[in-house]
Amino acid sequence: MNIGEHISLTDIYSELRLVDGLVDVKELKLIQKTTSKHSQTTFNFNKNLSSDGRFLRVPKNVVMEVKDLFSDINGVVS
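What counts and what doesn't
Residues numbered from 1 in each chain as written. Predicted model: local features only at pLDDT ≥ 70, side-chain atom pairs only at ≥ 80, totals over all residues. Heavy atoms only, no water. Helix = DSSP H or I, 4+ residues; strand = E, 2+ residues; numbered from the N terminus. Buried < 20%, exposed > 50% of the residue type's maximum accessible area, 1.4 Å probe, protein only. Contact = heavy atoms within 4.5 Å. Lys, Arg positive; Asp, Glu negative; His and termini not counted. Charge placed at Lys NZ, Arg CZ, Asp CG, Glu CD. pLDDT = per-residue confidence, 0-100. Phe/Tyr/Trp six-rings, centres within 6.5 Å; stacked < 30°, edge-to-face > 60°. Core = buried A, V, L, I, M, F, W, Y, C linked by side-chain atoms within 4.5 Å.

> Whenever I open this one, the overall build of the chain confuses me. Can you help?
Tallying secondary structure elements over the chain gives 3 helices and 2 strands in all. When the helices and strands of the chain are read in sequence order from the N terminus, they spell out β-α-α-β-α. Along the first, second and third principal axes, the C-alpha set of the chain runs to 35 × 30 × 20 Å. Evaluated residue by residue, the chain yields a buried proportion of 15% over its 78 residues. Put simply, of all contacts in the chain between residues at least 6 apart along the chain, 48% involve residues at least 24 apart. Between the mean site of the 10 positive side-chain charges and the mean site of the 10 negative ones, the chain shows a separation of 8 Å.

Written out as structure tokens, the structure reads:
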């Protein structure tokens, strides 16, 4: 991600659907982690989500990132 680059939830849904064996993605939640491995800065995801829920507006001086793929991305099978 680049500094100030908005996050497209539509793109994330599309990428997740490419996972072999995955049939559907019903819900996507972006959750801020503030552990010692992650940023201590707070960011209100709900306030910055577009009205249609398709993208997260990111301020021009902020970078969003996934620190650890294996612990930061989770799924539930039902």
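> Would you mind showing me how to read the confidence of the model for the chain here?
Low pLDDT marks stretches whose predicted atomic positions should not be read closely. Residue-level pLDDT values for the chain average 83, and 97% of them are 70 or greater. Mean pLDDT in the chain bottoms out at helix α3 (residues 69–72), which sits at 74, and peaks at strand β2 (residues 55–56), which reaches 92.

> Teacher, can you tell me more about the environment of Leu49 here?
In this fold, Leu49 is placed in the loop between α2 (45–48) and β2. Relative accessible area serves as the criterion here: at 28%, Leu49 is assigned to the partly exposed category. Separated by 12 residues in the primary sequence, Leu49 and Lys37 place their C-alpha atoms 24 Å from one another. Beyond its immediate stretch of four places on either side in the chain, Leu49 contacts Leu9, Phe55, Leu56 and Arg57.

> When you look at the packing of aromatic side chains in this model, what are you seeing that I'm missing?
The description of two aromatic rings rests on the distance between their centres and on the angle between their planes. A full pass over the atoms with the stated rule returns 1 aromatic pair. On the basis of an interplanar angle of 85 degrees and a centroid distance of 5.4 Å, the ring pair of Phe43 and Phe45 is categorised as edge-to-face. Per residue, the accessibility class of Phe43 equals that of Phe45, and both read buried.

> I keep staring at the nonpolar core and nothing clicks. Help me out?
Side chains that are nonpolar tend, in soluble globular proteins, to be buried together. Ile7, Leu9, Phe43, Phe45, Leu56, Val58 and Met64 form the largest nonpolar core, which has 7 residues in total. Leave out the neighbours within four places in its chain, and Leu56 touches His6, Ile7, Leu9, Leu30, Phe43, Phe45, Asn48, Leu49 and Met64.

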